[in-house]
Structure formats: C-alpha cells, structure tokens
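An overview of the molecular structure
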Amino acid sequence: MSTVLLLNGPNLGILGRREPEIYGTDTLADIEAAVADELSDRGWKVVSVQHDSEGDLVGAVHRHSDSTVGAIVNPGALMIAGWSLRDALASYPPPWIEVHLSNVWAREQFRHESVIAPLASGVVVGLGAFGYRLAARALTHLAPEPLRPQAPGPPTSAGTAATHAASPAASRPMPG
C-alpha cells in the first residue's frame with residue numbers, strides 16, 4: 001500500500017482554535033481525515049506529522065523520503081525562512097504540494113515570499129482546509145501508480161488485440 005506524507009509545521013497543531021477568522025475552525029484531525037478520505041479511492045494511506053520544531057520536520061522528511069509516493073506540506077511560517085526544511089525537501093524525490101490555509105498574498109508583506117514554494121510540484125493557498133483535499137487530489141495525478149505484478153509469459157496476440165480494441169483511441173477514426 002502506498003503512503004502519502006502529510007507534513008504540518010509550527011502552530012498548526014492548534015488549528016480549530018488558532019485565529020479561526022484566518023485559519024478556519026477545522027482541526028488538524030479534521031484535515032487528516034479529509035486527506036485520508038480523498039486518497040482512499042486510490043488505496044493510499046496517510047502518515048501525518050506535525051511539529052513546531054523545524055529540526056523535527058527535517059527529520060520526518062528524511063525518514064519518509066523512500067517510503068512515500070508524495071507529500072502535502074504546510075510549512076506554516078517556515079515558508080519564510082525555513083532553509084533547513086527547504087534543503088530537506090530539495091532532496092525529497094517524490095512530488096509534493098505546498099499548502100497554506102490563508103491567502104498569504106492577501107496578508108502581511110513578510111508572508112509574500114516562500115523559500116520552499118519554488119521546489120514544490122504545486123502550491124495551494126487561500127482555500128482553507130479544502131486546499132488539503134485539492135493537494136491530495138493533485139498528488140494522485142502526479143505520483144506514479146505502483147507497478148502491479150503481471151502474469152508470467154509474453155502477451156498473446158488475442159490479449160494485445162483486446163487491449164487495443166478496448167482503448168478509446170482505437171475506436172476513433174484516423175484523421176484523413
């Protein structure tokens with residue numbers, strides 16, 4: 001079974017009661033459940049890590065770099081100056097999406113630049129907790145599907161013909 005890393009930085013462990021007018025009322029547990037629900041159709045599970053310490057987040061990225069198909073990362077304020085987290089994510093091979101609950105560009109000037117975003121496969125901002133669902137959905141398109149074992153032996157010509165006949169492209173006429 002494939003796993004997605006859900007990484008949340010400083011102050012995100014108190015979501016639901018932390019400035020709900022900015023960050024909403026969903027708790028981190030609510031977000032974890034929503035991400036798990038979004039990935040369940042793919043058969044993927046979620047490993048959720050939240051730390052207020054940058055070093056602990058760096059360690060989590062390294063621990064999960066070979067065991068996950070992708071990540072959803074909300075670095076919190078570490079987006080501004082989290083250089084060691086940035087370096088850890090630079091060495092994380094699978095695709096990952098940066099997420100922010102609020103629209104960081106509609107807020108204070110110091111929040112307008114992320115040192116992490118240029119490395120991300122994509123960025124979702126300003127959509128509240130729903131942004132995590134969108135990031136999870138994006139990962140299902142970006143992360144490779146695990147290889148499934150195939151039956152031994154070469155494919156038969158009947159099997160090949162059936163594959164082509166079932167293909168939507170095979171049923172379209174060729175351009176003239």
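Please read all numbers here as calculations on a predicted model, not as lab measurements. Every chain is numbered independently, its residues counted from 1 as its sequence is written. In view of the model being predicted, local features appear only for residues whose pLDDT reaches at least 70, and side-chain atom pairs are presented and counted only at 80 or more, with totals across whole chains, interfaces and linings using the full set of residues. The basis for every side-chain value is the complete set of non-hydrogen atoms in the structure, without hydrogens or water.

**Comments concerning the pairing of strand β3 (residues 70–74)**
Exposure is judged per residue with a 1.4 Å probe applied to protein chains only, and the accessible area is read against the type maximum: over 50% gives exposed, under 20% gives buried, and values in between give partly exposed. Think of it this way: any DSSP run of H or I at least four residues long counts as a helix, any run of E at least two long counts as a strand, and we number them from the N terminus. The buried count for β3 comes to five of five residues, which makes it a mostly enclosed element. A two-sided burial pattern is seen for β3, the buried positions comprising Gly70, Ile72 and Asn74 on one face and Ala71 and Val73 on the other. The pairing criterion is simple: DSSP has to find at least two bridges between the two strands. When strand β1 (residues 3–8) meets β3, the two strands line up parallel, connected through five bridges. If you follow Leu6 over to β3, its bridge partner there is Ile72. Relative to strand β4 (residues 96–100), β3 runs parallel, the two sharing three bridges. The partner of Ala71 across the bridge, within β4, is Trp96.

**Here's the deal with the pattern of salt bridges**
Side chains that differ in charge, positive against negative, can pair when their charged atoms come close. A pairing counts as a salt bridge when a side-chain nitrogen of Lys or Arg comes within 4 Å of a carboxyl oxygen of Asp or Glu. Here the structure, examined in full by the defined rule, presents five salt bridges. Of the charged contacts, one joins Arg18 and Glu19 as a salt bridge, the two residues approaching to 4.0 Å between their closest N and O atoms. Since its relative accessible area comes to 34%, Glu19 is described here as partly exposed. For Arg86, the salt bridge goes to Asp87, with nearest N and O atoms at 3.6 Å. Since its relative accessible area comes to 48%, Asp87 is described here as partly exposed. Each of the salt bridges in this network shares a partner with another, and the network as a whole consists of Asp37, Glu38, Arg133 and Arg137.

**Some points on the packing of helix α3 (residues 54–64) against helix α5 (residues 83–90)**
One way to put it is that α3 packs onto α5 with a least axis distance of 9 Å and a crossing angle of 5°. What the angle tells us is that α3 and α5 run roughly parallel. Every residue of α5 that contacts α3 at Glu54, Leu57, Val58, Val61 and His62 is listed here: Trp83, Ser84, Leu85, Ala88 and Leu89. In the scheme used here, Gly and all other residues not listed as nonpolar or charged are polar, with Ala, Val, Leu, Ile, Met, Phe, Trp, Tyr, Cys and Pro taken as nonpolar and Asp, Glu, Lys and Arg as charged. Each residue belonging to the contact of α3 with α5 can be placed in one class, and the counts come to seven nonpolar, two polar and one charged. Angles run from 0 to 180 degrees between N-to-C directions of axes, and those axes are lines fitted to C-alpha atoms, restricted for helices to the stretch in contact. Roughly parallel covers angles under 35 degrees, roughly antiparallel covers those over 145, roughly perpendicular covers 65 to 115, and oblique covers all other angles. Any two residues whose heavy atoms approach within 4.5 Å are treated as being in contact.

**Some details on the environment of Asp30**
You can see Asp30 is positioned in helix α2 (residues 28–40). For Asp30, a relative accessible area of 37% corresponds to the partly exposed category. In this structure the C-alpha to C-alpha distance between Asp30 and Leu15, which are 15 residues apart in sequence, comes to 9.5 Å.

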